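Commentary on secondary and tertiary structure
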Amino acid sequence: MSSLTAARVLKPIGTAGTLFAFGLDVGRAVFRRPFQFREFIQQAWFIASVTIVPTALVAIPFGAVIALQVGGLVVQFGAQSFVGSAAVLAVVQQAAPIATALLVAGAGGSAIAADLGARKIREELDAMMVLGIDPIQRLVVPRVLAAMMIAVFLNGLVSIVGVMGGYVFNVIIQGGTPGAYLASFTALAQMADLWQGLAKALVFGLIAAIVASYKGMNAGGGPKGVGDAVNESVVITFLLLFITNFVMSAIFLQIIPSKAG
């Protein structure tokens, strides 16, 4: 009984190790040739097609909620002139990368896991290995790079739509002035904040694609196993994204000083 309990306790550690090793294999396969450019374009278009509309729709309430909450808090401190910059910083640094990552993982990542899982139970991956074709280099690398590229583009979309939504709600609902909202952009915001959001989106897309590919290629047990792999990939990705966001935010705060300081 004790050995069974120990095995259950150590199983997550072993899974984390194999996932990290899988990520290293993907990193090495990126530099192998030939590069599957056609597969990359197809996967990028597919991920964009399933995520762009939900991302745009989610960005509007994200920007509105942040503008209302942050704006109300800033007004309580008597700093009405900084409502625009505070809302923009919250959207660009935190809301846009997280919203992008959740949608890339929920829509694009689940599709990647389902596709690779279906190939696994049909033994297509084993057939590729028998033919001397590396499934990671042929299938996983294009999907990972496509997810990273689309995550960066979607982050820009969420940032623009979120800032516009925050502007509309601040001016209409909170009674702010358009000039003060726009003029406060440069009060606290700086170019490094935009690069921070883009870096987060890039890393989040990488994590979502690697986890989805790993769970899909290790699916088993028929269609039920594929469904379990999809669910597990989404849950694991969400957990890793929030942890990574905390770590990256702490690192950026140490590296890049705030403009107010």
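Residues numbered from 1 in each chain as written. Predicted model: local features only at pLDDT ≥ 70, side-chain atom pairs only at ≥ 80, totals over all residues. Heavy atoms only, no water.

**Examining helix α5 (residues 135-172)**
- An ideal rise of 1.5 Å per residue puts 56 Å on 38 residues; α5 measures up with 53 Å between its terminal C-alpha atoms.
- A bend of about 30° at Val141 is the largest found in α5, and the proline Pro142 appears one to four places after it. (Helix = DSSP H or I, 4+ residues; strand = E, 2+ residues; numbered from the N terminus. Expected span 1.5 Å × (residues − 1). Bend = angle between axes of the 7 residues up to and from the residue.)

**A look at unusual backbone geometry**
- The linkage connecting Arg33 with the following residue, Pro34, adopts the cis geometry, with an omega of 10°.
- Secondary-structure assignment places Pro34 in the loop between α1 (2-29) and α2 (37-76).
- Of note in this structure, Glu123 is not a glycine but carries a positive phi near 65°.
- Mapping Glu123 onto the fold places it in the loop between α3 (83-121) and α4 (124-130).
- What makes Glu123 exposed here is its relative accessible area of 53%. (Buried < 20%, exposed > 50% of the residue type's maximum accessible area, 1.4 Å probe, protein only.)

**Comments concerning the packing of aromatic side chains**
- Counted under the stated rule, the structure contains 3 aromatic pairs.
- Centre to centre, the rings of Phe37 and Phe40 are 6.3 Å apart; their planes meet at 40°, and the pair counts as tilted. Of this pair, Phe37 and Phe40 are both found in helix α2, 3 residues apart, which corresponds to roughly one turn of the helix.
- Residue classification places Phe37 among the exposed positions, given a relative accessible area of 52%.
- Among the residues examined, Phe40 registers a relative accessible area of 12% and is labelled buried.
- Taken together through their ring pairs, the aromatic side chains of Phe35, Phe37 and Phe40 make up a single cluster. (Phe/Tyr/Trp six-rings, centres within 6.5 Å; stacked < 30°, edge-to-face > 60°.)

**Quick look at the environment of Val158**
- On the secondary structure map, Val158 appears in helix α5.
- Linking Val158 and Leu57, residues 101 residues apart in sequence, is a C-alpha distance of 9.2 Å.
- Excluding anything up to four places from it in sequence, Val158 contacts Thr55, Ala59, Val91, Ala96, Ala99 and Thr100. (Contact = heavy atoms within 4.5 Å.)

**Re the nonpolar core**
- The biggest cluster of nonpolar side chains holds 40 residues, and the ones touching the most others in it are Phe22, Val26, Ile136, Val140, Val144 and Met217.
- Listing elements by their share of this core, those giving two or more residues are α1, α2, α3, α4, α5, α8 (191-217) and α9 (222-255).
- If you tally residues by element for this core, the top one is α5, at 11 residues.
- If we ignore the near neighbours within four places in the chain, the residues touching Val140 are Phe22, Val26, Leu116, Pro135, Ser213 and Met217.
- Ile66, Val88, Val92 and Val163 belong to the second largest nonpolar core, which has 6 residues in total. (Core = buried A, V, L, I, M, F, W, Y, C linked by side-chain atoms within 4.5 Å.)

**Remarks on the pattern of salt bridges**
- Taken as a whole, this structure holds 11 salt bridges when the rule is applied.
- Between Arg143 and Asp115 there is a salt bridge, and its shortest N-O distance comes to 2.6 Å. Taken as a pair, Arg143 in helix α5 and Asp115 in helix α3 lie far apart in primary sequence, 28 residues in all.
- Classification of Arg143 by relative accessible area gives buried; the value is 1%.
- Overall, the relative accessible area of 26% leaves Asp115 in the partly exposed class.
- A network of salt bridges, in which partner residues are shared, links Glu39, Asp115, Arg119, Arg122, Glu124, Arg138 and Arg143. (Salt bridge = Lys/Arg side-chain N within 4 Å of Asp/Glu carboxyl O.)

**As for the side chain of Thr100**
- Among the secondary structure elements, Thr100 is positioned in helix α3.
- Ignoring any residue separated from it by four or fewer positions in sequence, one finds Thr100 in contact with Ala151, Leu154, Asn155 and Val158.

**Thoughts on the UniProt feature "transmembrane region" (unreviewed entry) in the protein chain**
- The UniProt entry lists residues 45-66, 73-92, 98-118, 139-161, 167-185, 197-214 and 234-256 under the feature "transmembrane region" (unreviewed entry), expressed in the numbering used here.
- Taken end to end, residues 45-66 is 100% helix and 0% strand, and its first and last C-alpha atoms sit 30 Å apart.
- Between the end C-alpha atoms of residues 98-118 the distance is 28 Å, and the span holds 100% helix and 0% strand. (UniProt positions renumbered as here; feature names shortened; annotations may be inferred.)

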